[in-house]
Amino acid sequence: MAALYPGYTLRGITLAQNRSNSGIQGVEPERDSDHVIITDSTRCVKLYKISGQRPLSSWTVKQGHTLTGPAVYNSRTQEYVAVSEKKVIRIWKEEDIVLRKTFKATVSSDVWRVHCVAGGDPVVLFHRGAVRLLDFLLSAPKQPIEDVLPQEEAINWSTNLVTESQQFVIFTTEQKGDHFLYLQRLSPNTLQKYHLEREEHGLSPLSFSASYRDKHIRLLYLYPNGHVYESVVSVRAPVPDEEGQALPLPRSLLLGLPVGEGLLQAASAQALDEAHVAVVGVPHPSAGSGKDFLCIWNTNFQTLQAGKEMGGKIHGQLWSFWNQLFIPHGKTFSVIPYDCPKSSLASALGKLRQVKTKEFKAPTLVPSWSNLLHKEKDLPSRTEDTRKTRTKRKSQTAQSLTNHQVLELIKTAPVDEVQREVRRLLSQTDTQDLQTSLGQLASTLVSRSLNEPAFYSPSSLALLVHTRYLCHSVCPDLVLLALERKDYFLCQLCLQFFPDIPEVVTCACLKVFISMSDVDAANVNLEPDSVFFMEALIAQKHEPVGLGNGFSSPPANEDCSVDLTEDGTRAQQDNEKASTTEQMCPVGLHKAVLLNEVLQTAYFDSFLLPHLKDLSPQDVVLFLRYLEFLYLTFSQDAFPQKQGLRSPSLTQVMDWVCLLLDAHFTVLVMTPDIKGLLLNLHRFVKSQVRFVSELGKIEGSLQELDKMALKKDVGQYSIEIIELF
């Protein structure tokens, strides 16, 4: 799940107090993730150290002059570039104090913006659409500049992207209600024009953002009706167009955001990665009117994953660099760190793990920002023994291989040496110091195991999974590799500790587990506590069955006058009928343990069902018989669940029964041999429905009791009769 973290407020920035303009022309990255340069709408450029929250340097043009474009930082020359009066290009260094004494050059045409990104050369985009490299322009500042755009067409947004072998200037324009995208390649110098599809009612985009991914440039744009679209343009050389005609640019709807009453006025959307979009100025679906939020939406699942209320009015401006969002709001300029890990269906829409497994919560991969700034100051105090142990470990680590050396060793060393060094690295180093590199260790081990059939280090992979710093998104091939190598102990660990296993992988595990023979399963080493639970469960089936808490089962022919007791007795009778014959576990001990892990894995129904249909009818029937065994055992309450032991819940068992019946209903009803099984399952579901219904009645009764006003004067002794129905 995406997350927004406590951020910083940059001091010394004066924001305008109207809705449409904050007074900030632009925010641009500087030397590293802790420095940015901010240009206000009039005369000032400031260099900020984000963690310090105050400007390190400030430069101002003299009275009567104005900056007409945001300043940028040229990382190759360590210089700043800005434009004033639309035609004057100014260049200076950090040690320069007064701008009027620095270099400046006047060009022959109005400049729209100067762009510069890391890895690219500074480029100048002119108001009429021409593009020049800054160095080439400064060699002859008065060179003529051609007009690329028609007279009625005007630029409204631009950016600069650098790919593996090419640099692009991208800008959008508007002409009489039509919007266009221009893609300017610098080498070779080519320009391609695209026509954006019209939105309903002639609406114009409120914001644009562009990103490069998978050999394509992706344009994201937000309309006042809350529609967020994406258009994809290939970076390959374009086909020459005839007579300069604009090519149609297809689009796809990524999000339909809630807009409340009317249309959005000041809003912005920024693409954060392939699946997440940051949005500001759009109403929060769960908040009241009059509140402004910064939100992160997941475009794959159409879900809101993080939200943060922003005090004051939103100006519809948003910038994103280095996993930080920059947003002016009210009288404040905030920097909000965020994190967008790869999302799983379970975390976005699905079912979370049962409560008892949450005690094994994995440490987050995102470090505390307070800890980063203040080191150990804000960490919880530790005992003297812990400090000594950690100091001892660090001194030992100096004598062993470093993390980088172990990574290189994994690529070539034999299995025994790899296992020894990985174990030594994990035992002699605090895992918190390794959390960012454990994924690299696991991925390297998996990659070599896939490429070299003779290489496999199960103990090393198990140790890495046991740290609980790994997940399926970090090492997506690990579970499938374990299945391929028949390492079912590692599969069990992954199912226990990975919260984001996709449904297709869950079904792959189920297919392997249910189809393996009991003899093969008996030879597998599994986690002891889970085996102990199943041993106790199976042994309990051979003991007399009765209800817990000192009660005995009522006779089958006893007539009950209260509806709740009647339904409860009927459910008990159903279970007794289903288990009149001795109900034995239909699968072996170790096979049952593995199936239990599948039952407890997070999933989302709609995405699990298509993969369940791949199971064979024989496997489905066997799995249903095992679920029947679990249901009868749990519902009889003869086996008290023990704290600390992983076991599926009755709810999870019933959920899987319903899923399997939904996926294979047609085949099952046409199979005469399992008619009795289906009737039993039908009774189980009906009893659960009745049980939940009666719980609802009890809840309503308790609520009514809570609402009843107590009499103030009841005397020394009173008897009251309360009628519930």
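Cut-offs used in this document
- Residues numbered from 1 in each chain as written.
- Predicted model: local features only at pLDDT ≥ 70, side-chain atom pairs only at ≥ 80, totals over all residues.
- Heavy atoms only, no water.
- Helix = DSSP H or I, 4+ residues; strand = E, 2+ residues; numbered from the N terminus.
- Buried < 20%, exposed > 50% of the residue type's maximum accessible area, 1.4 Å probe, protein only.
- Contact = heavy atoms within 4.5 Å.
- Areas by Shrake-Rupley, 256 points an atom, 1.4 Å probe, with all protein chains shown as cover.
- Pairing = 2+ DSSP bridges.
- Axes fitted to C-alpha atoms, helices over the stretch in contact; angles between N-to-C directions.
- Salt bridge = Lys/Arg side-chain N within 4 Å of Asp/Glu carboxyl O.
- Patch = residues over 30% accessible without salt bridge, like charges linked within 9 Å, V, L, I, M, F, W, Y side chains within 5 Å.
- Lys, Arg positive; Asp, Glu negative; His and termini not counted.
- Charge placed at Lys NZ, Arg CZ, Asp CG, Glu CD.
- pLDDT = per-residue confidence, 0-100.
- Phe/Tyr/Trp six-rings, centres within 6.5 Å; stacked < 30°, edge-to-face > 60°.
- Lys NZ or Arg CZ within 6 Å of the ring centre and 35° of its normal.
- Polar contact = N/O pair within 3.5 Å; in protein donor to acceptor, adjacent residues only side chain to side chain.
- Parallel < 35°, antiparallel > 145°, perpendicular 65-115°, else oblique.
- Nonpolar A, V, L, I, M, F, W, Y, C, P; charged D, E, K, R; others polar.

## Describing the overall build of the chain
Link 1 in the chain: Looking only at helices and strands, the chain has 20 helices and 29 strands in total.
Link 2 in the chain: Buried positions account for 48% of the 725 residues belonging to the chain.
Link 3 in the chain: Across the chain, every contact between residues at least 6 apart in sequence was considered, and the portion connecting residues at least 24 apart equals 59%.
Link 4 in the chain: Per element, the accessible surface of the chain, about 36,600 Å² overall, is 53% carbon and sulfur.

## Points about the pairing of strand 17 (residues 189-196)
Link 1 in the chain: Taken together, the seven bridges between strand 16 (residues 178-186) and strand 17 define a ladder with antiparallel strand orientation. In the strand pairing of strand 17, Arg185 is matched with Thr190.
Link 2 in the chain: Where strand 16 folds back onto strand 17 in an antiparallel hairpin, the turn is made up of two residues.
Link 3 in the chain: Direction of pairing for strand 17 relative to strand 21 (residues 247-249): parallel, over a ladder of three bridges. Across the sheet, the residue bridging to His195 is Pro248, located in strand 21.

## Regarding the sheet that holds strand 6 (residues 54-60)
Link 1 in the chain: Ordered by their spatial adjacency, four strands build an open sheet running 3-4-5-6, and the pairing between neighbours is antiparallel. Edge strands, defined here as strands with exactly one partner in the open sheet, are strand 3 (24-29) and strand 6. In this sheet, neighbouring strand axes are inclined to one another by 20° on average, regardless of whether the strands run parallel or antiparallel.
Link 2 in the chain: Taken together, the five bridges between strand 3 and strand 4 (residues 35-40) define a ladder with antiparallel strand orientation. Residue pairing across strands places Gly26 opposite Thr39, the latter belonging to strand 4.

## Looking at the pairing of strand 19 (residues 216-222)
Link 1 in the chain: Among the seven residues of strand 19, six are classified as buried, and the element is accordingly described as predominantly covered.
Link 2 in the chain: Looking at chain direction, strand 18 (residues 207-213) and strand 19 are connected through seven bridges and run antiparallel. Bridging from a neighbouring strand, Ser207 pairs with Leu222 of strand 19.
Link 3 in the chain: Taken together, strand 18 and the strand that follows it, strand 19, pair antiparallel across an intervening segment of two residues, in which Asp214 is found at a positive phi of about 55°.
Link 4 in the chain: In terms of strand pairing, strand 19 meets strand 20 (residues 227-234) through seven bridges, oriented antiparallel. Residue pairing in the sheet places Leu220 in a bridge with Glu230 of strand 20.
Link 5 in the chain: The hairpin formed by strand 19 and strand 20 contains four residues between the paired strands, and Gly226 there has a positive phi angle of roughly 90°.

## Thoughts on the pattern of salt bridges
Link 1 in the chain: Scanning the model with the defined rule gives 16 salt bridges in all.
Link 2 in the chain: With a closest N to O distance of 2.5 Å, Arg31 and Glu30 form a salt bridge.
Link 3 in the chain: Judged by its relative accessible area of 40%, Arg31 falls in the partly exposed class.
Link 4 in the chain: With a shortest N-O distance of 2.9 Å, Asp34 and Lys49 are connected by a salt bridge. Of this pair, Asp34 sits in the loop between strand 3 and strand 4 while Lys49 sits in strand 5 (residues 44-49), placing them 15 residues apart in sequence.
Link 5 in the chain: Assessed through its relative accessible area of 31%, Lys49 is described here as partly exposed.
Link 6 in the chain: What emerges from the salt-bridge pattern is a single network uniting Glu30, Arg31 and Glu94.

## Here we look at a positive patch on the surface
Link 1 in the chain: A grouping of Lys62, Arg100, Lys101 and Lys104 is seen on the molecular surface, where their side chains present a positively charged patch.
Link 2 in the chain: Relative to the elements of secondary structure, Lys104 occurs in strand 10 (residues 103-106).
Link 3 in the chain: Relative accessible area serves as the criterion here: at 47%, Lys104 is assigned to the partly exposed category.

## Some words on the sheet that holds strand 10
Whenever strands of a sheet pair, they do so through backbone hydrogen bonds, lying parallel or antiparallel.
Link 1 in the chain: Taken in spatial order, the four strands make up an open sheet running 7-8-9-10, and their pairing is antiparallel. Of all strands in the sheet, those bounded by a partner on one side alone are strand 7 (67-74) and strand 10. The mean inter-strand angle of the sheet, taken between neighbouring strand axes irrespective of direction, is 15°.
Link 2 in the chain: Strand direction decides the pairing type here: strand 9 (residues 88-92) and strand 10, joined by four bridges, are antiparallel. Each residue of the ladder has a partner; that of Ile89, found in strand 10, is Ala105.

## Re a nonpolar patch on the surface
Link 1 in the chain: On the surface, a cluster of nonpolar side chains totalling about 540 Å² of accessible area is made up of Phe691, Val692, Leu695, Ile698, Leu702 and Leu705.
Link 2 in the chain: Within the element layout of this structure, Leu695 appears in helix 20 (residues 675-707).

## Some words on the confidence of the model for the chain
Link 1 in the chain: Summing up the model confidence of the chain, the mean pLDDT is 79 and the portion of residues at 70 or higher is 78%.
Link 2 in the chain: Counting interchain partners and residues more than four positions distant, the pLDDT-below-50 stretch residues 348-399 has 69 contacts.
Link 3 in the chain: Across residues 544-582 the pLDDT falls below 50, and counting only partners more than four positions away or on other chains, this stretch makes 38 contacts in the model.

## A closer look at the environment of Leu206
Link 1 in the chain: Considering the arrangement of structural elements, one finds Leu206 in the loop between strand 17 and strand 18.
Link 2 in the chain: Judged by relative accessible area, Leu206 falls into the partly exposed class, the value being 29%.
Link 3 in the chain: When the C-alpha atoms of Leu206 and Ala267 are compared, they prove to be 6.5 Å apart, with 61 residues separating the residues in sequence.
Link 4 in the chain: Each residue touching Leu206, except ones within four places of it in the same chain, is listed here: Leu222, Tyr223, Pro224, Leu264, Gln265 and Ala267.

## Describing the packing of aromatic side chains
Link 1 in the chain: Considering all chains together, one arrives at 17 aromatic pairs under this definition.
Link 2 in the chain: A centroid spacing of 5.1 Å and a plane angle of 40° characterise the contact between Trp59 and Tyr80, whose relative ring orientation is tilted. Here Trp59, found in strand 6, pairs with Tyr80, found in strand 8 (residues 79-84); they are 21 residues apart in sequence, far enough to count as distant.
Link 3 in the chain: Note that Lys193 overlies the ring of Phe180, its terminal NZ or CZ placed 4.4 Å from the centroid.
Link 4 in the chain: One Lys or Arg, Arg251, reaches over the ring of Tyr229 and ends 3.8 Å from the middle of that ring.

## Brief notes about the side chain of Asn680
Link 1 in the chain: Within the secondary structure layout, Asn680 lies in helix 20.
Link 2 in the chain: Residue classification places Asn680 among the buried residues on the basis of a relative accessible area of 10%.
Link 3 in the chain: At 2.3 Å, the side chain of Asn680 and the side chain of Arg683 are in polar contact.

## As for the packing of helix 12 (residues 503-515) against helix 18 (residues 617-635)
Link 1 in the chain: Between helix 12 and helix 18, the shortest axis-to-axis distance is 10 Å and the interhelical angle comes to 85°. Taken together, helix 12 and helix 18 sit at an angle that is classed as roughly perpendicular. Seen from helix 12, the contacting residues are Leu510, Ile514 and Ser515; seen from helix 18, they are Asp619, Leu622 and Phe623.
Link 2 in the chain: Its residues assigned to classes, the contact of helix 12 with helix 18 comprises four nonpolar, one polar and one charged.

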